[in-house]
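Structural overview for review
Here is what each chain is made of, one letter per residue.
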Amino acid sequence: MNKIKYIIAGIIITAGAVLTMPSCVDFTYDDIEPRVDSTSINANTTIAELKSIYPGELYKLSDTSFYLRDSIIIEGTVISDDKEGNFYKSIFIEDGTGAIEVKLNKTTLYNDYKRGQKVVVYCNDMYLGDYGGQIQLGSKYRNNGVWEISGLEGDVIIKKHVFKKGNSINERTPLAMTPSLLNPMNIGRLVQFNNTQIKDTLSPVTGKTYTYADYVNKVTINHAIITNSQTYTSAVVLRTSGFSKFAGETINTKNGTITGILTYYNGTYQLIVRDLADINFTNARFQN
Amino acid sequence: MRRFLLSFLVILTLSISSAIAQSPIKGTVKDSDTGNPLPGVTVQVVGTNLATTTNAKGEFTLEGIPSGKYVIDYILTGFKTYEVELEITEGMVLPEVSLSRSLVDDGQNLTFGEVTVSSDDLESVGGDQSISGLLQSSQDAFNSAVSFSFSPARFQVRGYDSDYSLLYMNGVPVNDPESGFAAWSSWGGLNDVTRNRESRNGITPADFSFGGLGGATYINTRASQQRKGTRVSYAATNRTYTNRLMFTHSTGLMENGTAFTISGSRRWANEGYVEGTNYDAWAYFIGLEKKFNSNHSVAFTTFNAPTKRGMQGLSTEEAHILAGSNFYNPNWGFQNGEKRNARVRFQQEPTFILNHFWEINPNLKITNTLGYSFGTYQTTSLNWYDAQDPRPDYYRKLPNYWVDSDTIVMQELADAFANDPTVSQINWDYLYQTNYNSPDFRSKYIVENRITDSRQFTYSTIATWNPIPAMKVNGGIDMSIYKGRNYKVIDDLLGGAYWLDIDQFIERDFFNNPDLAQNDLDNPNRMVKEGDKFGYDYTANVNSGNLWAVANYIQNRFDYYFGVNASYTEFWRTGDMRNGRFPNDSKGDSKKQQFDNYGVKGGATWKITGRHYLDGNVAFLTRAPFFRNSYISPRTSNFVIPGLGSEKIASADLNYNIRTPYIKARATAYYTKFMDQTELKSFYDDTYRTFVNYTMRNIDKVHKGFEFGAEIKVSPTITVNAAAAIGSYQYSSRPLATVTQDNLGSVLAADQVVYIENFYIPNTPQTAASLGIRYASPKYWFFGATFNYFNDSYIDFAPGKRTAEALVGLEENDPRRAEITRQPKVESAYLVDANIGKSWRVKNYFINLNFQVANLLDKTDFKTGGFEQARYSISEQTSNNFPPKFFYAYGRTYYVILGLRF
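A short tour of the structure in this document, coming up. Just so it is clear, the structure is predicted and the values come from calculations on it, not from any experiment. (Residues numbered from 1 in each chain as written. Chains lettered and ligands numbered in written order. Predicted model: local features only at pLDDT ≥ 70, side-chain atom pairs only at ≥ 80, totals over all residues.)

Section: the overall build of chain A
The line we're drawing: Each helix is a run of H or I in the DSSP string that is no shorter than four residues. Each strand is a run of E no shorter than two, and both are numbered from the N terminus. Remark: C-beta atoms are placed from the backbone, and a residue is labelled buried if 20 or more other C-beta atoms sit within 10 Å of its own, exposed if 12 or fewer do, or partly exposed between those counts. A residue pair is marked as a contact if its C-beta atoms, positioned from the backbone, fall within 7 Å.
In terms of regular secondary structure, chain A is built from three helices and 16 strands. Looking at chain A as a whole, 37% of its 288 residues are labelled buried. The contacts in chain A between residues at least 6 apart in sequence include a share of 69% that link residues at least 24 apart.

Quick look at the structure:
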């Protein structure tokens, strides 16, 4: 009988205690503080050295024993920008010796790697490959049974290889192009052509001024560019993705300075701008 | 319909003129322990539609029983049901009955009606897969099995959606006018005061309603009918919540004619059964009743159950395998070391009900009710702008997406998902840092809160009238005015400074036309901050009126009834934002949609003997569509779906009942045909590369099957329960689909034939059975175990895959055809439950301790349903990247409850 009384008293006391105790289920959270991602790893290889290793076919970078290093490590400044959609799943990084396209299988990379951000790439287990003769750094995937260069497979793999260094933004100065600088050593670099204009401005089909790309059908278009001060032996084209936000804009038909990433595909040098601010055409055209 | 109304009025008038005085049958019920009168006891004449409830003095009267032999049940939750067979004559006073307390005092806790998962809102418009509350375990063995044994398997009685069951709280219809869902969660945690219920199966007639196709339930919380006394209980469990504390006190009807009931509870968990699901639910209830004299009583009831909880999200088999759990929850991630759930639901609906109970004379009773409620229903969700999908189980983040990569890479991805919570869960740190790094701190990631604020006013009258002894007429009228404002606000900018209120998909596709991307064209490019409305803002207006009557005619051998109802429903949308895509069709009042509906039903009972009876019911009814399924894209525009109209339903059932002292059983066969239904789904379509709204019309369905339930007393201490449902719920037509682009409203495909004839109604087992045994010791303890079996459950299907367009180019005998079109079925399963309990009495204190274990064998791979992701690529003719997602029943869970009553 006493036992029962204790039980009853116990229930009432417990009930009272539980009801009066403060709310313990938490639905509020403190903000996470801003933080700077910065690696302390240093480069041991220049980008030009890395590109020189490429044997002309897909090549895995773990076979580096002759370097007596644990990995090839490069460091460069991001010069590309996918915010306007003209770059897709890759960043171009440049050091004093050259530049390379690092393929990352991820979109909206500008959220992570702004122009001018310094990054370090730990290359062990990555692959070198090429697309139309332009060397790329990335991973590999099987395309209809054939291994080809591809992007690093999402954040999990990317964060094993690509590290931000510091949080200061120092954009690189573009390389002023001359005919002699238009060579494979400079593929991938941020370059600038002066006194330049788009060669053909009117579509023979529609009779209207061209747009940068085919926005409706999402087709990439090359427009030849010419300069009136230099004579380039190879053709150079302004290449714009049909997915870029400015694809549907009418081209700037004037003359001036154009900045972009120098890329290469099977004998053609291609200039890819990051946004329309890279096209600074304000002068009158010269006669083609 | 007018003709039905007319005949109803004629019957009414004739009946009034023939009204004569008569002598009802009377009786009283007491509590065997205390000798106090027991209010709220349901007194049911078995085999008839005659039932009543005892008043505050434990008294009852029953009108209109012809002389004869009957079985009478006295039912009150928490007490053992008393059953007696009597030879009844007119005006007789029945012997006084004393009910003794049942050992399982808190049987309702056995129900599992709180599993709520939220899938991505874009996958299905309903968004939620919630199991509504269940039928009370009434005296029907089959219904007990549904409540206690079948609910973990998402069993739906006869395969009907929950909106076909009508729910009343003290006379107020409480199904949500916008969606039709029964609002059980509005009084979650108020189990003590909501236990007086009256339920009807299927289309059988009820006293309080014309009834829905799937039955009707009336919850009666009148203070005078609440059991006098105080109750305190504490429960510990490991389900959606881990602790429950409940307190209730009722005065009973006091000398001065008033009765007062108060109840409150809290249910909470820092983490429920599923990881990252926290839970905090409070509830209060206040009931007052004043009895002025024997003719008039007035009752006021108010209650609210504010509930906040982190939701469980569904994922794919691949993610489950990687995470090592079928209860993997992609909704949460660590924030400063704490688990933060991105999908938090908050809901509450303060409700006020005023009743006037008016007994005009012994043969005519009228209950008038006014109800008002204002509720809010909020669900948070991540949103993002031009940034990577933050959901950890997004298909591009799982190894299978990378099948063409190096196997080493796939292994690394799998290892990371298995071991690194920044990979397998939401990476809040990444979201914050991305916002901090965004130019001028424009948030790339936010948590938004999608809100529905509702207000509803209801009025109802329910009358019970015995014009002549052999006739009982129930009838009533109810009206409802509802406004539901739907909008979203910024809940958390996650470190950023603002969010730009534009539609990013439109911005991407129509960069040249910035007006088009505006969600609020009158305030373009608005920078919104925390708490600001954005995205969409509209009000759902739903008004309805309903008139019904059921006349019962009672004879010695046969009872008949006939019922009609007529209703009017109107709804329209009021836009509060001018949307850039629909500048002329988004703001202000839309056109009113109006529907006249009716229903007729009838049936007969053949009382073969007082212990065997056979009854049959038939019904034909039409039903207006619900607001939520009627607009193609209610968030942005006024357009209704093609073919919007009322659905038609024909239904019949035949029941055989047996009641002997040793066996109570029911066997039922039923057949229901649904015609001209419409359905709406919204999802991302890979073929059109845009969000689409997929509407289907001309949907017909046939539900048919058998139900069986029996309770067999093998000995005074041992009871065996058996129940089985064998059904076939199938589509019986080939619906026509219209596909519209969500953000532009343009029609992408019209009148696409969807080849789903003979597909199964998803997400309910079409076969379910249970067998239970229970030992009740005379020394106040008991033990029971139940074995349950489920089969023939199919998952919800993506209609777009069942079209000719989806199969273009595939040869007749290409095996991929079958692979694409077949409807996936989940494996059969069995579950074992057990419970044990004891109770003590010390003077007037009652203590009970119950311990229940559900899924005793800890079967964690029991799929209770699921849905196909609608993303399907016609060009690749595969949805391999978007495999189905499944619901799983919880593994082994327990529920311990300690209660004290005095």
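Regarding the sheet that holds strand E12 (residues 197–200) of chain B
Residue and element names in this part refer to chain B. Selection criterion: A strand pair is defined by DSSP finding two or more bridges across the two strands.
Strand order in the open sheet made by the four strands is E11-E10-E13-E12, with mixed pairing throughout. Either end of the sheet is taken by a strand with one partner, and the two such strands are strand E11 (172–173) and E12. Across four bridges, strand E10 (residues 166–169) lies against strand E13 (residues 216–219) in parallel orientation. Within E13, the position partnered with Leu 167 by the bridge is Thr 217.

Considerations on the environment of Val 344 of chain B
If you trace the backbone, Val 344 of chain B turns up in strand E23 (residues 344–348). Using a count of 21 C-beta atoms within 10 Å as the deciding quantity, one classes Val 344 of chain B as buried.

Some words on the pairing of strand E8 (residues 146–150) of chain A
Across five bridges, strand E7 (residues 134–143) of chain A lies against E8 of chain A in antiparallel orientation. Counted as the bridge partner of Asn 143 of chain A is Val 146 of chain A from E8 of chain A.

With respect to the nonpolar core
To be explicit about the condition: Each nonpolar core consists of buried Ala, Val, Leu, Ile, Met, Phe, Trp, Tyr and Cys residues. Their C-beta atoms, within 7 Å, join them into a set. Domain start and stop points were drawn from an automatic or database domain assignment.
Formed by 67 residues in total, the largest nonpolar core has its most connected members in Ile 91, Ile 93, Ile 100, Val 102, Val 121 and Cys 123 of chain A. When residues of this core are assigned to domains, at least three map to each of domain 1 (47–165) and domain 2 (175–283) of chain A. Apart from the residues within four sequence positions on either side, Cys 123 of chain A is in contact with Leu 50, Leu 61, Ser 71, Ile 72, Ile 73, Ile 74 and Leu 137 of chain A. Counting 30 residues, the second largest nonpolar core, distinct from the first, contains Ala 141, Phe 148, Leu 621 and Tyr 888 of chain B.

Side note on the interface of chain B and chain A
To keep it simple, the criterion reads: Polarity classes work like this: nonpolar for Ala, Val, Leu, Ile, Met, Phe, Trp, Tyr, Cys and Pro, charged for Asp, Glu, Lys and Arg, and polar for all others, with Gly in that last group.
Facing the 44 residues of chain B at the interface are 35 residues of chain A. Put simply, the parts of the chain that give the side of chain B that touches chain A at least two residues each are strand E14 (229–237), strand E17 (279–291), strand E22 (338–341), helix H4 (407–419), helix H6 (428–436), strand E45 (829–842), strand E46 (845–854) and strand E49 (893–901) of chain B. In terms of residue count, the dominant contributor to the side of chain B that touches chain A is H6 of chain B (six residues). Of the residues that constitute the side of chain B that touches chain A, the class distribution is 22 nonpolar, 10 polar and 12 charged.

Section: the environment of Gly 865 of chain B
Residue and element names in this part refer to chain B. For Gly 865, the position within the fold is in strand E47 (residues 863–867). Put simply, Gly 865 and Leu 810 are 55 residues apart on the chain and 29 Å apart in space, counted from C-alpha to C-alpha. Once you skip the residues sitting within four places of it in the chain, Gly 865 turns out to touch Arg 154, Pro 762, Asn 763, Ser 793, Ile 795, Val 826 and Phe 887.

Describing H6 of chain B
Burial in H6 of chain B covers these residues: Trp 428, Leu 431, Tyr 432, Gln 433, Thr 434 and Asn 435 of chain B. Tucked inside the fold, the buried residues of H6 of chain B contact strand E21 (332–335), E22 and strand E26 (445–465) of chain B.

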